[in-house]
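The primary structure of each chain is shown beneath.
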Amino acid sequence: MIKLIYGPKGFGKTKIIMDDINAAAKDAKGNIVFITDKPVCSVSINLNVRCVYTDEYGISSVEALKGFIMGLVAGNSDIEGIYVDGILRIADCKLTDLEELFIAIKKVEGVKFELTVSAEKSELPKFMLEYV
């Protein structure tokens, strides 16, 4: 399952995804992973959530992010949810460049994906609209 949180910069997408992460962590029997490029985990995230800062792993493209996510899933069958905040910043790309990533994560069974993107609904490509 994929959920997309969208809106303009300053809309509050990070707060929304962090609330969703904390809610998921309360009931999780497996692992919850939060991927971001901003050091926000230490203050507002449940201590059981695995926070990953993309800068520490040199992730700066769609291909690198896709490989990183697939590696996480392959290496840990207990992951219940992967949350990515600021996917355009992390992957340093345009919205249309994310289609391959969405195709790949849609095939992953048993893991909920939630992603934030700074864009208006009218700007979202067709392949993203089913996840809003």
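Up top is the structure.
Everything numeric in this text was worked out from a predicted model, so none of it was measured.

Q: An account of the overall build of the protein chain is requested, with residue identities and associated values reported.
A: When helices and strands are counted, the protein chain shows six helices and five strands. Moving toward the C terminus, one meets the helices and strands of the protein chain in the order β-α-β-α-β-α-β-α-α-β-α. The C-alpha radius of gyration computed for the protein chain amounts to 14 Å, which stays within 12% of the reference 14 Å derived for 132 residues, consistent with globular compactness. Looking at the protein chain as a whole, 45% of its 132 residues qualify as buried. Split by element, the accessible area of the protein chain, about 7,100 Å² in all, is 51% carbon and sulfur. With 16 positive and 19 negative side-chain charges, the protein chain shows a separation of 4 Å between the mean positions of the two kinds.

Q: Let's hear about the packing of aromatic side chains: which residues, and what values?
A: Scanning all chains against the criterion turns up three aromatic pairs. Pairing Tyr57 with Phe68 gives two aromatic rings, centres 5.2 Å apart and planes at 45°, and the pair type is tilted. Taken as a pair, Tyr57 in the loop between strand 3 (50–53) and helix 3 (62–75) and Phe68 in helix 3 lie far apart in primary sequence, eleven residues in all. Members of the aromatic cluster, joined through ring pairs, are Phe102, Phe127 and Tyr131.

Q: Residues and numbers for the pattern of salt bridges, please.
A: All told, the structure shown has six salt bridges when counted by the stated rule. In this structure, the salt-bridge partner of Lys3 is Asp20, at a minimum N-O distance of 3.1 Å. Of this pair, Lys3 sits in strand 1 (residues 2–7) while Asp20 sits in helix 1 (residues 13–27), and the two are 17 residues apart along the sequence. Of the residues examined, Asp20 reaches a relative accessible area of 22% and is grouped as partly exposed. Between Lys66 and Glu100 there is a salt bridge, and its shortest N-O distance comes to 2.8 Å. In this pair, Lys66 sits in helix 3 while Glu100 sits in helix 5 (residues 99–106), placing the two residues 34 residues apart along the sequence. Of the residues examined, Glu100 reaches a relative accessible area of 41% and is grouped as partly exposed.

Q: Lay out unusual backbone geometry in plain terms, naming residues and giving numbers.
A: Positive phi, normally seen in glycine, also occurs at Asp92, with a value near 45°. Structurally, Asp92 can be placed in the loop between helix 4 (87–91) and helix 5. The exposure class of Asp92 is exposed, given its relative accessible area of 64%.

Q: I'd love a proper account of the side chain of Glu114, names of residues and values included.
A: Along the polypeptide, Glu114 turns up in strand 5 (residues 112–118). Under the relative-accessibility criterion, Glu114 is labelled buried at 0%.

Q: Describe in detail the environment of Lys106, supporting the description with residues and values.
A: Mapping Lys106 onto the fold places it in helix 5. Lys106 gets classed as partly exposed once you look at its relative accessible area, which sits at 49%. C-alpha separation for the pair Lys106 and Ile2, spaced 104 residues apart in sequence, amounts to 7.0 Å. Ignoring anything within four residues of it in the chain, the contact list for Lys106 reads Ile2, Glu130 and Tyr131.

Quick notes on the rules
Residues numbered from 1 in each chain as written. Predicted model: local features only at pLDDT ≥ 70, side-chain atom pairs only at ≥ 80, totals over all residues. Heavy atoms only, no water. Helix = DSSP H or I, 4+ residues; strand = E, 2+ residues; numbered from the N terminus. Rg over C-alpha atoms; globule rule 2.2 N^0.38 Å. Buried < 20%, exposed > 50% of the residue type's maximum accessible area, 1.4 Å probe, protein only. Areas by Shrake-Rupley, 256 points an atom, 1.4 Å probe, with all protein chains shown as cover. Lys, Arg positive; Asp, Glu negative; His and termini not counted. Charge placed at Lys NZ, Arg CZ, Asp CG, Glu CD. Phe/Tyr/Trp six-rings, centres within 6.5 Å; stacked < 30°, edge-to-face > 60°. Salt bridge = Lys/Arg side-chain N within 4 Å of Asp/Glu carboxyl O. Contact = heavy atoms within 4.5 Å.

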